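This is what each chain is made of:
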Amino acid sequence: MLHQFAVPSSCRWLLLAVSCVCLTSVQAQERIYRCGNEYTNNATVAKAKGCKPMEGGNITIIQGPAQPSPKAGGSAAPRSAPKADSPEQRARDNDARQILESELRKAEERLSQARKAYANGAPEKEGIEARNHQRYLDRVAELKAALTRAESDVNGLRRELSRMGGAPAPAAPGAAPAPSESVAK
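Residues numbered from 1 in each chain as written. Predicted model: local features only at pLDDT ≥ 70, side-chain atom pairs only at ≥ 80, totals over all residues. Heavy atoms only, no water.

Caption draft 1: Inspection of the overall build of the chain at higher detail. For the chain, the count of helices and strands is 4 helices and 3 strands. For the chain, the N- to C-terminal ordering of α and β elements is α-β-β-α-β-α-α. Per-residue burial over the chain gives 18% buried out of 185 residues. Considering only intrachain contacts with a sequence separation of at least 6, the fraction spanning at least 24 residues in the chain is 50%. For the chain, the accessible area works out to roughly 15,000 Å², and carbon and sulfur atoms hold 55% of it. (Helix = DSSP H or I, 4+ residues; strand = E, 2+ residues; numbered from the N terminus. Buried < 20%, exposed > 50% of the residue type's maximum accessible area, 1.4 Å probe, protein only. Contact = heavy atoms within 4.5 Å. Areas by Shrake-Rupley, 256 points an atom, 1.4 Å probe, with all protein chains shown as cover.)

Given below as structure tokens:
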């Protein structure tokens, strides 16, 4: 035997109103078409572009930031080249250049010391290294790594100075190799 629950008529009207609202919101959704990376709900545009209808749930599209348009008359200047529009900017550029030149001089001094210590891969043996050849080889490897790091630092600072405009400060004689030279193996 089936029992029916007694529902007051005011609740029936409320249930009917809620179900109508839900049905109209479902019917209000239009068909969405995908055109490559773009979406549209305009059927005529979709047919003109040959878009495919989307199946499934809702789609949320968030608009990304607008791409800056390229300036007329050529490409934009590289980011690393600062513009010296004001005296303050020129002063900051000069300070940065002086700091880089100072760092370059220090790096070239470290490179010179690393070369002297490395002695073209044959430094003199120290203490226990005369009896323990592996310890000597380990020290030579560390000296070579330090020399490579010092060369890399000098080359990086020179590149950075050349990006700021003009040639980097002249190196002290015998302080650093030309960028094409490499460490003897």
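Caption draft 2: A look at unusual backbone geometry. Positive phi values are uncommon outside glycine, yet A119 reaches one of about 50°. Tracing the backbone shows A119 in the loop between helix 3 (87-118) and helix 4 (133-163). Positive phi is not limited to glycine here, since N120 has a value of about 55°. Here N120 lies in the loop between helix 3 and helix 4.

Caption draft 3: How the structure looks around the pattern of salt bridges. For the structure shown, the criterion picks out 9 salt bridges. Note that E151 and R115 form a salt bridge whose closest N and O atoms lie 3.6 Å from each other. Here E151 is found in helix 4, whereas its partner R115 is found in helix 3, with 36 residues between them in sequence. (Salt bridge = Lys/Arg side-chain N within 4 Å of Asp/Glu carboxyl O.)

Caption draft 4: View of the packing of aromatic side chains. Counting across every chain of the model gives 0 aromatic pairs. The ring centre of Y136 lies 5.2 Å from the NZ or CZ of K125, which sits over that ring. (Phe/Tyr/Trp six-rings, centres within 6.5 Å; stacked < 30°, edge-to-face > 60°. Lys NZ or Arg CZ within 6 Å of the ring centre and 35° of its normal.)

Caption draft 5: Local environment of the sheet that holds strand 1 (residues 33-35). Pairing is antiparallel in the open sheet, where 3 strands are placed in the order 2-1-3. Each of the sheet's edge strands pairs with one partner strand only, and the pair in question is strand 2 (38-40) and strand 3 (52-53). Of the pairings in the sheet, the one linking strand 1 to strand 2 comprises 3 bridges and is antiparallel in character. Note that in strand 2 the partner of C35 across the bridge is E38. (Pairing = 2+ DSSP bridges.)

Caption draft 6: Region of the structure containing the environment of Y136. Here Y136 shows up in helix 4. With relative accessibility at 9%, the residue Y136 sits in the buried group. Each C-alpha atom of the pair Y136 and K125 lies 6.6 Å from the other, and the pair is 11 residues apart in sequence. Sequence-distant contacts of Y136, that is, excluding residues within four places in its chain, are made with G121, A122, P123, E124, K125 and E129.

Caption draft 7: Main features of the side chain of R139. Mapped onto the elements, R139 comes out in helix 4. A polar contact is formed between the side chain of R139 and the side chain of E129, at a distance of 2.7 Å. Each residue touching R139, except ones within four places of it in the same chain, is listed here: P123, E124, K125, E126 and E129. (Polar contact = N/O pair within 3.5 Å; in protein donor to acceptor, adjacent residues only side chain to side chain.)

Caption draft 8: How the structure looks around the side chain of Q89. Among the secondary structure elements, Q89 is positioned in helix 3. Reaching out from Q89, the side chain makes a polar contact with the side chain of R92 at a distance of 2.8 Å.

Caption draft 9: Here's a closer look at the state of the cysteines. With the rule as written, the count across this model stands at 1 disulfide. Disulfide pairing is shown between C35 and C51; the S-S distance is 1.6 Å. Measuring the twist about the S-S bond at about 105°, one finds the C35-C51 disulfide to be right-handed. Taken as a pair, C35 in strand 1 and C51 in the loop between helix 2 (43-49) and strand 3 lie far apart in primary sequence, 16 residues in all. Considered together, C35 and C51 belong to a single accessibility category, that of buried residues. (Disulfide = S-S within 2.5 Å.)

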